[in-house]
Amino acid sequence: MDRRDFIKTSAIVGAGTGLLSCTDGLGRFVSTPKPYRIDGSKRMSLSFFPYEIQLAHTFTVSSYSRKTTPDVQVEIAYDGFVGYGEASMPPYLGHTVESVCAFLSKVSLEQFADPFCVEDILSYVDSLSDGDAPAKAAIDIALHDLIGKLLGQPLFRLWGYNPAKAPATSFTIGIDTADVVREKTLECAGKYRVLKLKVGLDNDEEMVNAIRDVTDLPLVVDANQGWKDKQKALDEIFWLSSKGVRMVEQPMPYSQIDDIAWITERSPIPVFADEGIQRLCDLPSIKGVYSGINIKLMKCTGLAEARKMIDWARAENMKVMLGCMTETSCATTAAAHLSPAADFADLDGNLLILNDRFSGMTVVDGMIRLPDRPGLGLKKCQE
Ligand code: MG
């Protein structure tokens, strides 16, 4: 076989295996992945189905308790690949399985010939209604998973994030009696590097003391708007800080914006907005009110907008936290791909459920580990 025949043969073999041949710097033949080419005749198709999330324990925050979370699972199929997405709907945001399915029924992805036109596709999806953030997030997540799979690369790599910089995730302990809080702390203290405690009723100090009976791990607290008086809230924040609490989330009702700004100005630890913000367009109104923002995909319509919110927060010298709902590893892993860009991560939603459909991000010695597989990198569990 002469050199010309060899090159021809290599190209034919390469095409058959999805690989191309080229030469390296020393003139040797090497194989590289075949670049994905858009075939304009192919179209995306969207499917979805309700999926009730079963929680391992009854979950209590300052305003409600629950044992399940309504959820809708989404798939976008294209050219033999499937991108997975998810809408998780804790009751306080007012979305239901019915509202998510009604929104998804209106979405026509068949009109787009190129799944990589993410901005065009998501702008169209966003234009279909004013709300419906979880349903929009489900499409955004599935679309990102799909394009990562088409390109054969994990999302963190497409965005240029270093997976070694993925932070520790906190593990959340709900409001409970001191004995239960102590018991839950003992169960999880060896596995996590940061614990998050829900506060905001009348037993905050008892719960914190119960945790401090058994561990010195750093704590973060989330009042879920539970404190009503700014001076009392500030006094409690100083006390919490003396107990090793590193930051506080949503100390007061978000409508009390002047009171929250007053607390943030005086607080020894960062004050984060959660209920106080949903999307990118909300951020200018909280400038100077909080020290950081808690970004959740189900509030902000997904990964594309979350990345813009991270950029905004950095430009304003604010901190970034990534949160989640109780959800499967699909949505939690999607948020985890952003986590190398965050200061805090609270991505334990998949660890609190009994019926996960996927495996994806893992927590190793308390640190988030991202799967090095294309797209979200999910593997389906046996169903
Ligand atoms: Mg919160």
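Residues numbered from 1 in each chain as written. Predicted model: local features only at pLDDT ≥ 70, side-chain atom pairs only at ≥ 80, totals over all residues. Heavy atoms only, no water.

**Student:** Can you help me understand the overall build of the chain in this one?
**Tutor:** Each helix and strand counted, the chain has 12 helices and 19 strands in total. Taking the principal axes of the C-alpha coordinates as reference, the chain spans close to 85 × 45 × 45 Å. Scored against the burial criterion, the 383 residues of the chain give a buried share of 55%. Look at the contacts in the chain between residues 6 or more apart in sequence, and 66% of them connect residues 24 or more apart. Counting 41 positive and 51 negative side-chain charges, the chain places the averaged centre of each group 7 Å from the other. (Helix = DSSP H or I, 4+ residues; strand = E, 2+ residues; numbered from the N terminus. Buried < 20%, exposed > 50% of the residue type's maximum accessible area, 1.4 Å probe, protein only. Contact = heavy atoms within 4.5 Å. Lys, Arg positive; Asp, Glu negative; His and termini not counted. Charge placed at Lys NZ, Arg CZ, Asp CG, Glu CD.)

**Student:** Mind showing me how you'd approach the coordination of the magnesium ion here?
**Tutor:** For a metal with four tetrahedral donors the ideal donor-metal-donor angle is 109.5 degrees, whereas six octahedral donors ideally subtend 90 or 180 degrees. At the metal site, the magnesium ion is ligated by Asp222 (OD), Glu249 (OE) and Asp274 (OD), and these contacts range over 2.0 to 2.2 Å. All donors to the magnesium ion come from one chain, and their sequence spacing reads D-x26-E-x24-D. One end of the pair, Asp222, is in strand β10 (residues 219-222); the other, Glu249, is in strand β11 (residues 245-249), with 27 residues separating them in the sequence. Taken as a pair, Asp222 and Glu249 share a single burial class, namely buried. (Donors = N, O, S within 2.8 Å, 3.2 Å for Na, K, Ca; no water.)

**Student:** I tried to follow the pattern of salt bridges on my own but got confused; where do I start?
**Tutor:** Pairing of side chains with opposite charge becomes possible as their charged atoms draw close. Counted according to the given criterion, the structure contains 22 salt bridges. The salt bridge partner of Arg157 is Asp372, with a shortest N-O separation of 3.2 Å. Remark: Asp372 occurs in the loop between β18 (367-369) and β19 (379-380) and Arg157 occurs in helix α5 (residues 155-158); sequence separation between them is 215 residues. Relative accessible area serves as the criterion here: at 40%, Arg157 is assigned to the partly exposed category. (Salt bridge = Lys/Arg side-chain N within 4 Å of Asp/Glu carboxyl O.)

**Student:** Help me understand the confidence of the model for the chain in this model?
**Tutor:** In this model, the chain carries a mean pLDDT of 92, and residues with pLDDT of at least 70 account for 91%. When the criterion is pLDDT under 50, residues 6-17 qualifies, and its contacts beyond four places in sequence or with other chains add up to seven contacts. (pLDDT = per-residue confidence, 0-100.)

**Student:** Explain the nonpolar core here, please?
**Tutor:** One broad trend across soluble globular proteins is that nonpolar side chains are buried collectively. Formed by 80 residues in total, the largest nonpolar core has its most connected members in Leu195, Trp227, Ile293, Ile295, Leu338 and Leu347. Sequence-distant contacts of Leu338, defined by excluding residues within four places in its chain, comprise Trp159, Tyr161, Leu297, Leu303, Ala306, Arg307, Ile310 and Leu322. Counting 30 residues, the second-largest nonpolar core is a separate cluster that includes Val74, Val100, Ile121 and Val125. (Core = buried A, V, L, I, M, F, W, Y, C linked by side-chain atoms within 4.5 Å.)

**Student:** Any chance you could explain the packing of aromatic side chains here in plain terms?
**Tutor:** The geometry of two aromatic rings is summed up by the distance between their centres and the angle between their planes. Taken as a whole and assessed by the stated rule, the structure comprises six aromatic pairs. Considering the side-chain rings of Phe272 and Phe344, the 5.6 Å spacing of their centres and the 90 degrees angle between planes classify their relative orientation as edge-to-face. In this pair, Phe272 is assigned in strand β12 (residues 271-273) and Phe344 in strand β15 (residues 344-345), connecting sequence segments 72 residues apart. Relative accessible area serves as the criterion here: at 21%, Phe344 is assigned to the partly exposed category. Across from the ring centre of Tyr51, 5.9 Å away, lies the NZ or CZ of Arg357, which sits over that ring. (Phe/Tyr/Trp six-rings, centres within 6.5 Å; stacked < 30°, edge-to-face > 60°. Lys NZ or Arg CZ within 6 Å of the ring centre and 35° of its normal.)

**Student:** Just to check I follow, could you spell out the pairing of strand β6 (residues 71-78) for this structure?
**Tutor:** For a regular strand, the rule is simple: side chains alternate between the two faces of the sheet. Across the eight residues of β6, seven count as buried, placing the element largely inside the fold. Summarising the sheet, strand β3 (residues 45-50) and β6 pair through six bridges and their orientation is antiparallel. Bridging across to β6, Phe49 finds its partner in Gln73. The pairing of β6 with strand β7 (residues 81-88) spans eight bridges and is antiparallel. Bridging across to β7, Val72 finds its partner in Ala87. Here β6 folds back onto β7, and the loop between the two strands holds two residues, one of which, Asp79, carries a positive phi near 50 degrees. (Pairing = 2+ DSSP bridges.)

**Student:** Help me understand the environment of Leu151 in this model?
**Tutor:** The residue Leu151 is located in helix α4 (residues 133-151) in this model. For Leu151, a relative accessible area of 42% puts it in the partly exposed group. As a C-alpha pair, Leu151 and Pro374 span 223 residues in sequence and 7.5 Å in three-dimensional space. Dropping the residues within four chain positions of it, Leu151 is found in contact with Phe116 and Leu158.

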